[in-house]
Amino acid sequence: MAQALFITWIWLLGPITLATTAQSFGGTRDTPIYKRVKAQLDSIPAIDTHDHLWPFETLPGYVETDRGHGMNLSSLWRNSYYAWINPITAWKPGGSFDEWWAKAREDFRNARGTSFYRYQLPAFEDLYGLDFEKITDAQARELNDRIFQNYQDQKWLYHVVTERANIELMFNDPYWARLKFTTYYPFEVLVFNVTTLVRGFHSSEFSNPWDSPYRFASEEGLEMKTIDDYLVVLDRLFQKAKAAGAACLKTTLAYERTLDFQNVPKERAAKAFGRPRDQLKPEERKEFEDFIMWRLAELSAKHELPFQVHTGQARIQGSNPMLLVDLIEANPKAKFILFHGGFPWIGETGVIVMRRPRQVWVDSVWLPTLSYTMAKRAFHEWLEVMPSDRIMWGADCNHAEGIYGATEFTRRCLAEVLAEKIDAGDLKEEHALRIGNQILRDNALSLFPQLNDRLWKHKGKLEPSKKN
Ligand SMILES: [Zn+2]
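Described below are features of the structure shown in this document. (Residues numbered from 1 in each chain as written. Predicted model: local features only at pLDDT ≥ 70, side-chain atom pairs only at ≥ 80, totals over all residues. Heavy atoms only, no water.)

1. Regarding the overall build of the protein chain
Okay, step 1: Each helix and strand in the protein chain was counted, giving 19 helices and 10 strands.
Okay, step 2: Rg of the C-alpha trace for the protein chain: 24 Å, near the compact-globule value of 23 Å for 468 residues, within the 12% margin.
Okay, step 3: In the protein chain, which comprises 468 residues, the share counted as buried stands at 57%.
Okay, step 4: Long-range contacts, defined as pairs at least 24 residues apart, comprise 76% of the intrachain contacts of the protein chain with a sequence gap of at least 6.
Okay, step 5: Accessible area for the protein chain stands at about 20200 Å²; split by element, carbon and sulfur atoms hold 52% of it.
Okay, step 6: Averaging the locations of the 58 positively and 61 negatively charged side chains of the protein chain gives two centres separated by 2 Å. (Helix = DSSP H or I, 4+ residues; strand = E, 2+ residues; numbered from the N terminus. Rg over C-alpha atoms; globule rule 2.2 N^0.38 Å. Buried < 20%, exposed > 50% of the residue type's maximum accessible area, 1.4 Å probe, protein only. Contact = heavy atoms within 4.5 Å. Areas by Shrake-Rupley, 256 points an atom, 1.4 Å probe, with all protein chains shown as cover. Lys, Arg positive; Asp, Glu negative; His and termini not counted. Charge placed at Lys NZ, Arg CZ, Asp CG, Glu CD.)

2. Quick look at the coordination of the zinc ion
Okay, step 1: Bound to the zinc ion on the protein side are His50 (NE2), His52 (NE2) and Asp396 (OD), at distances that span 2.1 to 2.2 Å.
Okay, step 2: In the primary sequence, the donor residues of the zinc ion line up as H-x1-H-x343-D. Linking His50 in strand β1 (residues 46-51) with Asp396 in the loop between β10 (391-392) and α18 (400-423), this pair joins segments that are 346 residues apart in sequence. (Donors = N, O, S within 2.8 Å, 3.2 Å for Na, K, Ca; no water.)

3. Topic: the packing of helix α7 (residues 121-128) against α18
Packed helices, taken two at a time, are described by the angle their axes make and the gap between the axes.
Okay, step 1: Remark: α7 packs on α18, axes separated minimally by 7 Å, with the N-to-C direction vectors making an angle of 105°. Relative to α18, α7 is oriented roughly perpendicular. Each of Pro122, Ala123, Asp126, Leu127 and Tyr128 in α7 lies in contact with α18, whose residues at this interface are Glu401, Tyr404, Gly405, Glu408, Phe409 and Arg412.
Okay, step 2: Taken together, the residues of the contact of α7 with α18 sort by class into six nonpolar, one polar and four charged. (Axes fitted to C-alpha atoms, helices over the stretch in contact; angles between N-to-C directions. Parallel < 35°, antiparallel > 145°, perpendicular 65-115°, else oblique. Nonpolar A, V, L, I, M, F, W, Y, C, P; charged D, E, K, R; others polar.)

4. A closer look at the pairing of strand β5 (residues 188-193)
If a strand is regular, its side chains alternate between the two faces of the sheet.
Okay, step 1: Along β5, six of the six residues are buried, which leaves the element largely enclosed by surrounding structure.
Okay, step 2: Burial along β5 is two-sided: the face carrying Glu188, Leu190 and Phe192 and the face carrying Val189, Val191 and Asn193 are both buried.
Okay, step 3: Relative to β5, strand β4 (residues 167-172) is paired through three bridges, and the arrangement is parallel. Bridge assignment links Phe171 to a residue of β5, and that residue is Val189.
Okay, step 4: Across three bridges, β5 lies against strand β6 (residues 248-251) in parallel orientation. Bridge pairing in β6 links Phe192 to Leu249. (Pairing = 2+ DSSP bridges.)

5. Things to note about the environment of Leu231
Okay, step 1: Note that Leu231 resides in helix α11 (residues 227-243).
Okay, step 2: Placed 161 residues apart in sequence, Leu231 and Gly70 show a C-alpha to C-alpha distance of 44 Å.
Okay, step 3: In contact with Leu231, other than residues within four places in its own chain, are Lys266, Phe291, Ile292 and Arg295.

6. Notes on the sheet that holds strand β7 (residues 307-310)
Okay, step 1: Spatially, the eight strands line up as an open sheet ordered β1-β4-β5-β6-β7-β8-β9-β10, and their pairing is parallel. In the strand order of this sheet, the two ends are held by β1 and β10, each with one partner.
Okay, step 2: Pairing of β7 with strand β8 (residues 336-339) involves four bridges; the strand directions are parallel. The partner of Phe307 across the bridge, within β8, is Phe336.

7. Observations concerning the pattern of salt bridges
Okay, step 1: Evaluated as defined, the whole model comprises 40 salt bridges.
Okay, step 2: When the shortest N-O distance is used, the salt bridge between Asp211 and Arg178 registers 2.6 Å. One end of the pair, Asp211, is in the loop between β5 and α10 (213-220); the other, Arg178, is in the loop between β4 and β5, and 33 residues separate them in sequence. The residues Asp211 and Arg178 share a single accessibility class, namely buried. (Salt bridge = Lys/Arg side-chain N within 4 Å of Asp/Glu carboxyl O.)

8. Digging into the pairing of strand β9 (residues 360-363)
Okay, step 1: Burial along β9 is two-sided: the residues Val360 and Val362 and Trp361 and Asp363 are all buried.
Okay, step 2: Summarising the sheet, β8 and β9 pair through three bridges and their orientation is parallel. Bridge pairing in β9 links Ile337 to Trp361.
Okay, step 3: Taken together, β8, helix α15 (residues 346-355) and β9 constitute a β-α-β crossover, and its handedness is right-handed. (Right-handed = clockwise from strand over helix to strand, strands pointing away.)

9. Considerations on the packing of helix α5 (residues 97-104) against helix α8 (residues 137-150)
Okay, step 1: The contact between α5 and α8 brings their axes to 11 Å, and the two run at 125°. As far as their axial angle goes, α8 and α5 are oblique. Of the two elements, α5 crosses α8, and the hand of that crossing is right-handed. Along its contact with α5, which presents Phe97, Asp98 and Trp101, the element α8 presents Asp137, Ala140, Arg141 and Asn144. (Left-handed = near helix turned anticlockwise from the far one by under 90°.)

10. Observations concerning the packing of aromatic side chains
Okay, step 1: Scanning the model with the defined rule gives 43 aromatic pairs in all.
Okay, step 2: Both rings, one in Trp54 and one in Tyr175, keep their centres 5.8 Å apart while their planes meet at 85°; by these two values the pair is edge-to-face. With a gap of 121 residues between them, Trp54 in the loop between β1 and β2 (63-65) and Tyr175 in the loop between β4 and β5 connect regions that are remote in the sequence.
Okay, step 3: Note on Tyr175: relative accessible area 32%, which makes it partly exposed.
Okay, step 4: Between Tyr82 and Phe108, the aromatic rings sit 5.4 Å apart at their centres with planes inclined by 25°, giving stacked as the arrangement. With Tyr82 in helix α4 (residues 82-85) and Phe108 in the loop between α5 and α6 (115-118), the pair connects residues that are 26 residues apart, well separated along the chain.
Okay, step 5: Members of the aromatic cluster, connected to one another through ring pairs, are Trp77, Tyr82, Trp91, Phe97, Trp100, Trp101, Phe108, Tyr117, Phe124 and Phe132.
Okay, step 6: Taking the ring centre of Phe148 as reference, the NZ or CZ of Arg67 above it sits at 4.3 Å.
Okay, step 7: Directly above the ring of Phe291 sits Arg295, whose terminal nitrogen or CZ lies 4.5 Å from the centroid. (Phe/Tyr/Trp six-rings, centres within 6.5 Å; stacked < 30°, edge-to-face > 60°. Lys NZ or Arg CZ within 6 Å of the ring centre and 35° of its normal.)

Keep in mind these values describe shape, not function.
Written out as structure tokens, the structure reads:
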């Protein structure tokens, strides 16, 4: 019945409407406005506020192949976000590409529509000239060879990140050695990852010495006998991080626990200090962590290091950004950056920024990779509820191709939103272009003004030999 009515309706409207409908199926990306905006956004040297680019020799994904140690197509897929939602055939150490591909080529058919699959496609298309959707076995073998060849030299990373993705500076979250305060690339901005510091109640919490405030304290000749000692150590860590060039803090606690942080009195938190985990009740541990998180927010304000907080997609029982509102409001001098737009709570994230626009920023980092459509909706809505100088972006990947794909996805998504707003008469084109420039570049430069001294693109090319 409904179908019959629909057909009559279409018939009555006649061919003109049908032609218009058919045209709009091509989508925003086929329109001249989109193409103009996209070309403009592509030309902006971006400031990428978040990645995980390990030192070149230890990039995740190196495998042993039949022609030696290297990076290949399996490395790129197995270390991509795609592997989070769909299994990918394991690489057999010393194995051959043909052997792996015979099975792996079937690993994509159930998830072709996912953004976790699609964000890598622009890298294959633009960097290798290949359509992965229609790839033949011979092309896959050639792609694999070229990836292996490219990763013989770290110039590939420089080329892709700074020239092809057109990233001028990239924040790097060194979660593999959080308190080492070292950078590896000249385009890199150091991030002070404070995730593990909330567990400072006992030294046994830190299996990696580079995460341990206890190792740091002994190197600095500081005591760690009481919770007050620990607070002194934290302050010293902030001083060291800042002196090493850290621009901000970052926490990914949302993967481990709830983002509900209570304002716990010091005497209660002190009860946990000096006791190993197996002697603590879960409530005691939480109280200690909550107490430290509040101190981190205060130190963030004191040392003027804005606080990047992972919100959304993680441990989803407790990662809604609304849980942070009390902590944010009680620390008005601390600047908070809500990561991933709070996915899937993008509307909630918008209203938090709307309520505290001088204190809270939203970072769309990873969001287009999680869901391209939700990222579009987010940009549309955020531009309606907050000033355009509150929004940033980041790629959040760990190799050149992922960074390229995520960057292209973001530029595409943002260009689509701006083109749609222009087309609807909701933004003038020149204003939309200014907004694009803010999100990709200027907003980060305003929030982190010290980065203006690090800009290099107008001066020429960065060479691997000019390492920091
Ligand atoms: Zn990340």
